[in-house]
Amino acid sequence: MQDLFEKMKEYLNMDTEISFDEFDGYYKKVTAFLNDSWETLNEEDTMHMLFILDNLKSNGEDRSKRKTKEAKKYAKMAQRTEIWANALIGRLREAGFTDEEIGKRYEAIYEAV
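Parameters at a glance
Residues numbered from 1 in each chain as written. Predicted model: local features only at pLDDT ≥ 70, side-chain atom pairs only at ≥ 80, totals over all residues. Heavy atoms only, no water. Helix = DSSP H or I, 4+ residues; strand = E, 2+ residues; numbered from the N terminus. Contact = heavy atoms within 4.5 Å. Core = buried A, V, L, I, M, F, W, Y, C linked by side-chain atoms within 4.5 Å. Buried < 20%, exposed > 50% of the residue type's maximum accessible area, 1.4 Å probe, protein only. Phe/Tyr/Trp six-rings, centres within 6.5 Å; stacked < 30°, edge-to-face > 60°. 1 Å grid on protein atoms, 1.4 Å probe; cavity = no way out; pocket = protein on both sides within 12 Å on 5 of 7 lines; lining within 4 Å. Points joined across faces, edges and corners; volume = space filled by probe spheres on them. Nonpolar A, V, L, I, M, F, W, Y, C, P; charged D, E, K, R; others polar. Salt bridge = Lys/Arg side-chain N within 4 Å of Asp/Glu carboxyl O. Expected span 1.5 Å × (residues − 1).

Some details on the side chain of His48
Part 1 of the argument: Mapped onto the fold, His48 is located in helix 3 (residues 43-64).
Part 2 of the argument: Those residues within four positions of His48 in sequence are excluded, and the remaining contacts are Met1, Gln2, Phe5 and Ile109.

Dropping the structure here:
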């Protein structure tokens, strides 16, 4: 989990855009991790994963609007990351967190990165 978070921070601090292949590879690592471990994430890791998913979603949506051969693939990745993010938010709500608390914790991560 920490490796995925560190890689996202690295991507966000780059001056250039990663290729489709690298984006797709990272997306697949994230979804494979979630398929195996999403129910066992602790609170901090869940928040970090929400940060990762939000960035994947927004970048996927942005890239899907371009006239490229991968546009539809980016759109599907954005849709799937939103589904995962909603599942994690649901878990946090079940654990007693309000949307405001989730938002504040997310903003703290965003500010730290």
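Back to the write-up after that little detour.
Concerning the nonpolar core
Nonpolar side chains tend to gather and get buried jointly when the protein is soluble and globular.
Part 1 of the argument: Counting residues in each nonpolar core, the largest one holds 31 residues, and the members touching the most others are Tyr26, Val30, Leu34, Met49, Ile52, Leu53 and Leu56.
Part 2 of the argument: Elements supplying a minimum of two residues to this core: helix 1 (2-12), helix 2 (20-37), helix 3, helix 4 (71-94) and helix 5 (99-112).

Observations regarding the packing of aromatic side chains
Part 1 of the argument: Counting across every chain of the model gives seven aromatic pairs.
Part 2 of the argument: On the numbers, 5.3 Å between centres and 90 degrees between planes, the contact of Tyr11 with Tyr26 is edge-to-face. One end of the pair, Tyr11, is in helix 1; the other, Tyr26, is in helix 2, and 15 residues separate them in sequence. The same class applies to Tyr11 and to Tyr26, which are both buried.
Part 3 of the argument: Each ring, one from Phe20 and one from Tyr74, has its centre 5.2 Å from the other, and the planes form 85 degrees; the classification is edge-to-face. Within this pair, whereas Phe20 is found in helix 2, its partner Tyr74 is found in helix 4, the two being separated by 54 residues in sequence.
Part 4 of the argument: Aromatic ring contacts, followed pair by pair, group Phe5, Phe51, Tyr106 and Tyr110 into a single cluster.

Let's talk about the layout of surface pockets
Part 1 of the argument: Counted as a void, the largest pocket has a volume near 220 Å³.
Part 2 of the argument: Forming the boundary of the largest pocket are 13 residues, of which Tyr11, Leu12, Ile18, Asn59 and Arg63 lie nearest the centre.
Part 3 of the argument: Residue composition of the lining of the largest pocket, grouped by class: eight nonpolar, three polar and two charged.

Notes on the pattern of salt bridges
Part 1 of the argument: Taken as a whole and judged by the stated rule, the model has ten salt bridges.
Part 2 of the argument: Here Glu6 makes a salt bridge to Lys9, at a shortest N to O gap of 3.3 Å. Of this pair, Glu6 and Lys9 are both found in helix 1, three residues apart, which corresponds to roughly one turn of the helix.
Part 3 of the argument: A relative accessible area of 37% means that Glu6 is categorised as partly exposed.
Part 4 of the argument: Asp99 is paired through a salt bridge with Arg93; the nearest N and O atoms lie 2.7 Å apart.
Part 5 of the argument: Several salt bridges converge on common partners, so that one network encompasses Glu17, Asp62, Arg63 and Arg66.

Concerning helix 4
Part 1 of the argument: Taking 1.5 Å per residue, 24 residues should reach 34 Å; helix 4 reaches 35 Å between its end C-alpha atoms and fits that length.
Part 2 of the argument: Turning to helix 4, its buried residues are Ala71, Tyr74, Met77, Ala78, Thr81, Trp84, Ala85, Leu88 and Leu92.
Part 3 of the argument: On its buried face, helix 4 is in contact with helix 2, helix 3 and helix 5.
Part 4 of the argument: One or two positions beyond helix 4, positive phi appears at Gly96, with a value near 105 degrees.

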